[in-house]
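Breakdown of the fold
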Amino acid sequence: MKNPGPPPTEAALHDAALAHLSRYAATRAGLTRVLDRRCERWVRLTGTEDAAAARPALRQAVNTAAAQFELNTATQVKAQEELDKLNLPVG
């Protein structure tokens, strides 16, 4: 059996959220499901019945990562708009 490691922490879930968002487009609900499945896998591997311990960390990680990703996306959009105004040749 695979070693499940320590319980999911906010930092570990935040890193997982950013890794997921760097590869896939996701809504908050979708990201919550991804991290929830991660927590559920940990619960199954440890044989513990209590997944509630990871829930506050999961919710905070989703909120923090989503806010950070939205900020990065807004910054990228603004930068692209500024580049478009320059009318630079493509290619």
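An account of the accompanying structure is given in this report. (Residues numbered from 1 in each chain as written. Predicted model: local features only at pLDDT ≥ 70, side-chain atom pairs only at ≥ 80, totals over all residues. Heavy atoms only, no water.)

**Things to note about a positive patch on the surface**
- Side chains of Lys2, Arg33, Arg37, Arg38, Arg41 and Arg44 sit close together on the surface and give a patch of like positive charge.
- Inspection of the secondary structure assignment puts Arg41 in helix H2 (residues 28–46). (Patch = residues over 30% accessible without salt bridge, like charges linked within 9 Å, V, L, I, M, F, W, Y side chains within 5 Å. Areas by Shrake-Rupley, 256 points an atom, 1.4 Å probe, with all protein chains shown as cover. Salt bridge = Lys/Arg side-chain N within 4 Å of Asp/Glu carboxyl O. Lys, Arg positive; Asp, Glu negative; His and termini not counted. Charge placed at Lys NZ, Arg CZ, Asp CG, Glu CD. Helix = DSSP H or I, 4+ residues; strand = E, 2+ residues; numbered from the N terminus.)

**Re the environment of Glu10**
- You can see Glu10 is positioned in helix H1 (residues 10–23).
- A relative accessible area of 38% places Glu10 in the partly exposed class.
- Here the alpha-carbon distance between Glu10 and Gln60, two residues 50 residues apart in the chain, equals 6.9 Å.
- Discounting residues that sit within four places of it in the chain, Glu10 has contacts with Ala57, Gln60, Ala61 and Thr64. (Buried < 20%, exposed > 50% of the residue type's maximum accessible area, 1.4 Å probe, protein only. Contact = heavy atoms within 4.5 Å.)

**A short note on the nonpolar core**
- Leu13, Ala16, Ala17, Leu21, Leu31, Leu35, Cys39, Ala57, Leu58, Ala61, Val62 and Ala65 together form the largest nonpolar core, which totals twelve residues.
- Contributing elements (two or more residues each) for this core: H1, H2 and helix H3 (55–85).
- A per-element tally of this core places H3 first, with five residues.
- Setting aside its immediate chain neighbours within four residues, Leu35 contacts Leu13, Ala16, Ala17, Leu58, Ala61 and Val62. (Core = buried A, V, L, I, M, F, W, Y, C linked by side-chain atoms within 4.5 Å.)

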